[in-house]
Amino acid sequence: MDTHNNTHHMTNAAIKRNNFYRLFSIFIIWVHFIMIPVSCEEHWDGVVVTQSNFLALQAFKQELIDPEGFLKTWNDSGFGACSGAWVGIKCAQGQVIVIQLPWKGLKGQITERIGQLQGLRKLSLHNNHITGSIPSSLGLLNNLRGVQLFNNRLTGSIPSSLGSCPLLQSLDFSNNLLTGEIPESFGNSSKLYWLNLSFNSLSGSIPSSLTSLNSLTFLSLQHNNLSGSIPSLKIGLSRLQNLVLDHNFLTGTIPGSLGDLRELREISLSHNRFSGHIPQSIGKISNLKQLDLSLNNLSGEIPVSFDNLLILNSFNVSYNNLSGHVPSLLAQKFNSSSFVGNVQLCGYSPSTQCSSPAPSEGLGAPSEVPKHGRHKKLGTKDIILIVAGVLLVVLITVCCILLFCLFRKRKTSNGAEEGHITARSAAAAARAGKGVPPVAGEVEAGGDAGGKLVHFDGPLAFTADDLLCATAEIMGKSTYGTVYKATLEDGSQAAVKRLREKITKNQREFESEVSILGRIRHENLLAMRAYYLGPKGEKLLVFDYMPKGSLASILHAHGPETRIDWATRMNIAQGMARGMLYLHSHENIIHGNLTSSNVLLDEHTNAKIADFGLSRLMTTAANSNVIATAGALGYRAPELSKLKKANTKTDVYSLGVILLELLTRKPPGEAMNGVDLPQWVASIVKEEWTNEVFDVDLMRDSSTNGDELLNTLKLALHCVDPSPSARPEVQMILQQLEEIRPQMLSSAAISSDEGAIPTSE
């Protein structure tokens, strides 16, 4: 009886204990569900993480080194793993579907036990310091959509097992230390549309299986050690928009089937060993915007069909073995830097004019034309009539020139009375103490302007007199000089920068440097069209006129009532990054004075960076003043107070400040609570009041753009890191911006599934 009672008592106790644990578990779930903030878009479904997933996450954590303590929330209890309490984890029905831990300073390795997370859709660990190899067990995950491991220190080869993931859509392993070959198995990933393996040490050939991927829109394999030829493109790739294969050891000919890929926007094959002719078929790609075939062994002529590429805005075939005439549209649109290094190529600049074609040997000399041929010999009467006609034309031309000069002289003398500020009237006003400086020094009315005017390629055509007689309106002043809006007599407009006296190098050095700057062309750089050296030492630089002014004026001078949507701001940010990348990587130019006032906007609100390379024209003392001014405005990197010389990392800092300016709409030069803009933003973020940072206009659409705002903010703060070595290169900034807000993917291609689009967190 006692035994029975004791057993009964123990059973009741066990039941009570189990009930207590069950109630406690329900209470814990309730606390996490009710009390812990969860994204309004992704409510927890209340299901606790499964045991196998919990153990896999624990193994994942153990293999990583977490110096910043981001994984402290990953405790020994699995109750909070799916509720939002564990940083970077999202679940569905108790299965982990997302691991998202970028920019966390993580080290260590990725465990092979990640293959136990059978529900995993997205793995995002980019911008960390993770080493070791990519786990082959990732290929066991049938639900995997996106893998973002770029900007780490991963080694070894790419697992071929990844080709077994049937739903894989985006894969980015760029900027690591990977070796070996690209797996042929990637050709099995029928949904893959984004593949970026650039900036590694991959070798071997490009797998032919990739050409069967009809879904692929972005393929970047640049800066590797790939060899062999480009495989036949006739199988697929009908949706490909970006083909980036530069800086490899690829050989053979450029396949003519490239012309069948009508969706291509970018083709970059430079710095390889391609030979043979450039395919005519490329001229059929009407959407093509960028084409770079430079630094290869290509021969023959540039196809005439390239004149059909009407929206092409970046073109380079320099340093090949090309010959013959440059197609007329290309010669007009692009400067000599796009064609140099081809000894037998002509027609792309005044110094490379093509000679008239020699008569064919089969036609014989003129004296050998038959007596009864089509060409009749001119008689004396015909010659007299021709000479008389020529003299008449010359006489009429001289009269027109004299009348034109007389008209301009009268117009100039009456300019002040009509209220126009011309160069000459401005000079008189300056002498009278009215404070309106001349555009180009004093030139006697109607006299020869003198000096030296040098044109670069572009739409503007004018003489020195035209420039000096232009109506001028002051747009702004800087350390370098004064900028005017000049309206020429034919109505065309230009921006003219009159450099301050005694701050430039001597004339020989000045002309040498300005000739280089004047030939730089990029869609996000302000083009220099001419320069003028006056007889009294004046120096003028002529640029394209940007009708919408500067980014600074749009953000600040127009007032807070002027709305600028997020898409426009992101387009400006990406344009700035593209322009700076071109300066750093293609021209080896440090800007040194990047501010929002030097980011101009064209009629479509595209960014055009101004004042690049001007430091090359200035004395050392003048450049020191520029750096000091940038500091006062809030754009100067902290290390410049000691270095006194700008570099790529100081440019990145300035770019980061402008990104913060776009996000906050606050001028960097205005101290906020006694600190500059980067420090103020960092302090707000640290206190977890991040939403207080953003411009109110942007917060109105935060439900749709919230993630993009946060990711851009993280990137901007990374750019303004006090430590120069911690700042990313511009190439990585551009990559991040394009992944935060892809520009080329249509909305139809955007899936709601995790990992559908590579994003930065």
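Everything here concerns the structure above.
Residues numbered from 1 in each chain as written. Predicted model: local features only at pLDDT ≥ 70, side-chain atom pairs only at ≥ 80, totals over all residues. Heavy atoms only, no water.

Colleague: Whenever I open this one, the pairing of strand S25 (residues 539-544) confuses me. Can you help?
Modeller: Within S25, six of the six residues are buried, which leaves the element mostly enclosed by the surrounding structure. Relative to S25, strand S24 (residues 528-533) is paired through five bridges, and the arrangement is antiparallel. Each bridged residue has a counterpart across the sheet, and for Tyr 531 the counterpart in S25 is Leu 541. What sits between S24 and S25 in their antiparallel hairpin is a turn of five residues, with Gly 537 showing a positive phi close to 95 degrees. (Buried < 20%, exposed > 50% of the residue type's maximum accessible area, 1.4 Å probe, protein only. Helix = DSSP H or I, 4+ residues; strand = E, 2+ residues; numbered from the N terminus. Pairing = 2+ DSSP bridges.)

Colleague: Just checking my understanding: could you explain the nonpolar core for this structure?
Modeller: Where a protein is soluble and globular, its nonpolar side chains tend to be buried together. Grouped together as the largest cluster of nonpolar side chains are 87 residues, with contacts concentrated most on Ile 99, Phe 173, Ile 302, Phe 315 and Phe 339. Contributions of two or more residues to this core are made by helix H2 (51-62), strand S2 (89-92), strand S3 (95-100) and helix H3 (328-333). Among the elements that line this core, the one with the most residues is H2, at four residues. For Phe 173, the contacting residues outside a window of four places in its chain are Ile 134, Val 147, Leu 149, Phe 150, Ile 158, Leu 162, Leu 178, Asn 196, Leu 197 and Asn 200. With 73 residues, the next largest nonpolar core counts Tyr 480, Leu 526, Ala 577 and Met 672 among its residues. (Core = buried A, V, L, I, M, F, W, Y, C linked by side-chain atoms within 4.5 Å. Contact = heavy atoms within 4.5 Å.)

Colleague: When you look at the sheet that holds strand S22 (residues 481-487) in this model, what are you seeing that I'm missing?
Modeller: Strand pairing in a sheet relies on backbone hydrogen bonds. The paired strands run either parallel or antiparallel. Spatial strand order, S20-S24-S25-S23-S22-S21: six strands in an open sheet with antiparallel pairing. Of all the strands in the sheet, just strand S20 (452-455) and strand S21 (471-477) have a single pairing partner and so form its edges. Neighbour to neighbour, the strand axes of the sheet diverge by 25 degrees on average, direction disregarded. Across six bridges, the pairing between S21 and S22 is antiparallel. Note that in S22 the partner of Lys 477 across the bridge is Thr 482. Sitting on the sheet, helix H7 (residues 507-517) is in contact with S20, strand S23 (493-499), S24 and S25, with an inclination near 165 degrees to S24. (Axes fitted to C-alpha atoms, helices over the stretch in contact; angles between N-to-C directions.)

Colleague: I keep staring at the environment of Thr 712 and nothing clicks. Help me out?
Modeller: Take Thr 712: it is sitting in helix H15 (residues 702-719). Residues Thr 712 and Ala 573 lie 139 residues apart in sequence; the distance between their C-alpha atoms is 9.8 Å. Excluding anything up to four places from it in sequence, Thr 712 contacts Trp 566, Met 570, Leu 663, Leu 737 and Ile 740.

Colleague: I keep staring at the pattern of salt bridges and nothing clicks. Help me out?
Modeller: If you walk through the whole model with that rule in mind, you get 13 salt bridges. Two residues, Glu 511 and Lys 452, come together in a salt bridge whose shortest N-O distance is 2.7 Å. Taken together, the residues span a long stretch of sequence, with Glu 511 in helix H7 and Lys 452 in strand S20 at a distance of 59 residues. The class of Lys 452 is partly exposed, set by a relative accessible area of 37%. Notably, a salt bridge pairs Arg 563 with Asp 697, separated by 3.7 Å at the nearest N-O pair. Highlighted residues: Arg 563 in the loop between helix H8 (551-557) and helix H9 (566-585) and Asp 697 in helix H14 (residues 696-699), separated in sequence by 134 residues. Note on Arg 563: relative accessible area 47%, which makes it partly exposed. Several salt bridges converge on common partners, so that one network encompasses Arg 563, Arg 665 and Asp 697. (Salt bridge = Lys/Arg side-chain N within 4 Å of Asp/Glu carboxyl O.)

Colleague: What exactly am I supposed to notice about the sheet that holds strand S8 (residues 194-196) here?
Modeller: Read across the open sheet, the eleven strands follow the order S2-S3-S5-S6-S7-S8-S9-S11-S13-S15-S17; overall the sheet is mixed. Edge positions in the sheet fall to S2 and strand S17 (314-316), since each of these pairs with one other strand and no more. The mean inter-strand angle of the sheet, taken between neighbouring strand axes irrespective of direction, is 15 degrees. Contacts from H2 reach S2 and S3, with the element oriented near 20 degrees to S3.

Colleague: Looking at this structure, how should I read the state of the cysteines?
Modeller: Here, disulfide denotes a covalent bond that connects the sulfur atoms of two cysteines. Throughout the structure, instances matching the rule amount to two disulfides. A disulfide bridge connects Cys 82 with Cys 91, and the sulfur atoms are separated by 2.2 Å. Of note, the bridge from Cys 82 to Cys 91 carries an S-S torsion of about -75 degrees and is left-handed in sense. Judged by relative accessible area, Cys 91 falls into the buried class, the value being 17%. In this model Cys 346 forms its disulfide with Cys 354; the gap between the sulfur atoms is 2.0 Å. (Disulfide = S-S within 2.5 Å.)

Colleague: Can you walk me through unusual backbone geometry in this structure?
Modeller: Outside of glycine, negative phi angles account for most residues, and trans bonds account for most peptide bonds. Even without being glycine, Asn 175 reaches a positive phi, approximately 60 degrees. Looking at the element boundaries, Asn 175 is found in the loop between strand S7 (170-172) and S8.

Colleague: I keep staring at the pairing of S2 and nothing clicks. Help me out?
Modeller: Within a regular strand, the side chains alternate between the two sheet faces. The two faces of S2 differ: Ile 89 and Cys 91 on one face are buried, but Lys 90 and Ala 92 on the other face are not. One ladder, built from four bridges, connects S2 with S3; its direction is antiparallel. Each residue of the ladder has a partner; that of Ile 89, found in S3, is Ile 99. Hairpin connection between S2 and S3: a loop of two residues separates the two successive antiparallel strands, and Gln 93 in this loop has a positive phi of roughly 55 degrees.

Purely spatial values, then, with no claim about function.
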